[in-house]
Amino acid sequence: MDQSYQEYSGDDLIDSGKLFSRRKILGGAAATALLAGCKQSSVRTLRAAEFHPPNYPTSQAILEMGRLMGLYSNGTLGLKLYAGSQLGSERDTLELTTFGGIDINRVALAPLNSIEPMTSIPALPFIFNNVAHMRAAMDGAPGQTVMTSLERHGLIGLCYYDSGARSFYNTKKPIRTPEDMAGMKLRVQNSDLYISLVEALGANPTPMPLGEVYQSLVQGVVDGAENNWPSYFEGRHFEVAKYYSLTRHVIAPEVLIMSAQSWHRLSEKDQEIIQRSAKESVPVMRELWDAKTKEAQENIIAAKVAVNEVDDKEAFVERMKPVWDEYVQSPAQKRLVDEIREMGADHA
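Everything quoted here is computed from the prediction, not taken from an experiment. (Residues numbered from 1 in each chain as written. Predicted model: local features only at pLDDT ≥ 70, side-chain atom pairs only at ≥ 80, totals over all residues. Heavy atoms only, no water.)

1. Digging into helix α6 (residues 141–150)
Inclusion rule: Partly exposed residues are those whose accessible area sits between 20% and 50% of the maximum for their type, while under 20% is buried and over 50% is exposed, using a 1.4 Å probe and protein chains only. Where helices and strands are cited, they refer to DSSP runs of H or I of at least four residues and of E of at least two residues respectively, numbered from the N terminus. Throughout, the arc means that of the directions going from the helix axis to the C-beta atoms.
Residues of α6 that are buried include every one of P142, G143, V146, M147, S149 and L150, and no others. The arc that holds every buried residue of α6, seen down its axis, measures 155°, which confines them to one face.

2. A look at the pattern of salt bridges
A side chain with one charge may pair with a side chain of the opposite charge, provided their charged atoms come close. Applied cut-off: Salt bridges are defined as contacts in which a side-chain nitrogen from Lys or Arg sits within 4 Å of a carboxyl oxygen from Asp or Glu.
Enumeration according to the criterion identifies 18 salt bridges in this entry. A salt bridge links E50 to R106; the nearest nitrogen and oxygen atoms lie 2.6 Å apart. With E50 in the loop between β4 (44–49) and α2 (57–72) and R106 in strand β6 (residues 104–108), this pair connects stretches of sequence that are 56 residues apart. Here the two residues E50 and R106 agree in accessibility, since each one is buried. A salt bridge links D290 to R135; the nearest nitrogen and oxygen atoms lie 2.9 Å apart.

3. Brief notes about the environment of I175
Selection rule: Throughout, a contact is declared for two residues whenever any of their heavy atoms are within 4.5 Å.
Looking at where I175 falls in the secondary structure, it is placed in the loop between β8 (166–170) and β9 (185–188). Among the residues examined, I175 registers a relative accessible area of 0% and is labelled buried. Along the backbone, I175 and Y244 are 69 residues apart, and their C-alpha atoms lie at a distance of 8.0 Å. Among residues more than four places away in sequence, those in contact with I175 are F168, N170, D180, M181, M184, S245, N308, V310 and F316.

4. Description of helix α3 (residues 90–98)
Buried within α3 we find E90, T93, L94 and T97. In an axial view of α3, the angular spread of the buried residues amounts to 105°, which keeps them on one side of the axis. For α3, the elements touching its buried residues are β4, β6, α4 (110–113), β7 (155–161) and β13 (254–259). Downstream of α3 by a residue or two, G100 has a phi angle that is positive, lying close to 85°.

The following block contains the structure:
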């Protein structure tokens, strides 16, 4: 197999969170004729981009989607996954997807915030009570509203994947109140929303790529950052920033999108297969993600990192009012906020 991508169809299986490829053993003249016919058939192979490495839960979910596409289409649809940023950064691949250079792309919400205001709503600080609330909202009508808003930008939303609850970590001290963050230099994603969030807490936001965070922590360029358990662990940031404070300020999902140009070249039947396959890949992603989160948490605690709950979550929520005022302005955004909040009553 070409190491630049991974390609899967109906014969590929996921077992216990790991992918295994198994060719069905066929015998006799009938099998020979079947294989010859398959070689002559036309297979439409879609290209998928992923920032994370091949063993990451989102990558594995995309591969499961490709397996299902092959299964449901009797082998006429396939998928090649270019994982590990092989096709560029999320912003680069997002632009390529918009113009049809990439068929399918998994992106965080942050790069989408600058092109579509509705995508800022699920990324708002403290809009979700917990992960269960986020999953219910994004699987339901609120999530569909956000996906529909992407269509005018040449993108088709397929499904949502998890990105965990984000919390702050730093090299100096536990964060128990917003006042503890005063003057801290904190790495953030290149997103106006995240910059506003950190500024509202009295800290100094420093946008930079994730790959530069570890060295920046070592050199003191930044005092800390914010991210989920797996990213904090796998980036080895816990080795330098020994204080992890569970603010859980953002529980934003990630979204699997498709180029509208690629989408409209498909038959209605193939579109239905892709939508079904994407939706059915979500439980796979979530199972792997939950296991990965638990493992990261256990490893971090075993490494003697100082993990703490904040003293008063409402004090952090109160600081977010100007951020909400800035990013929730249109009637459509306000309706979406109301819908998500109403669902929160079932996930207190």
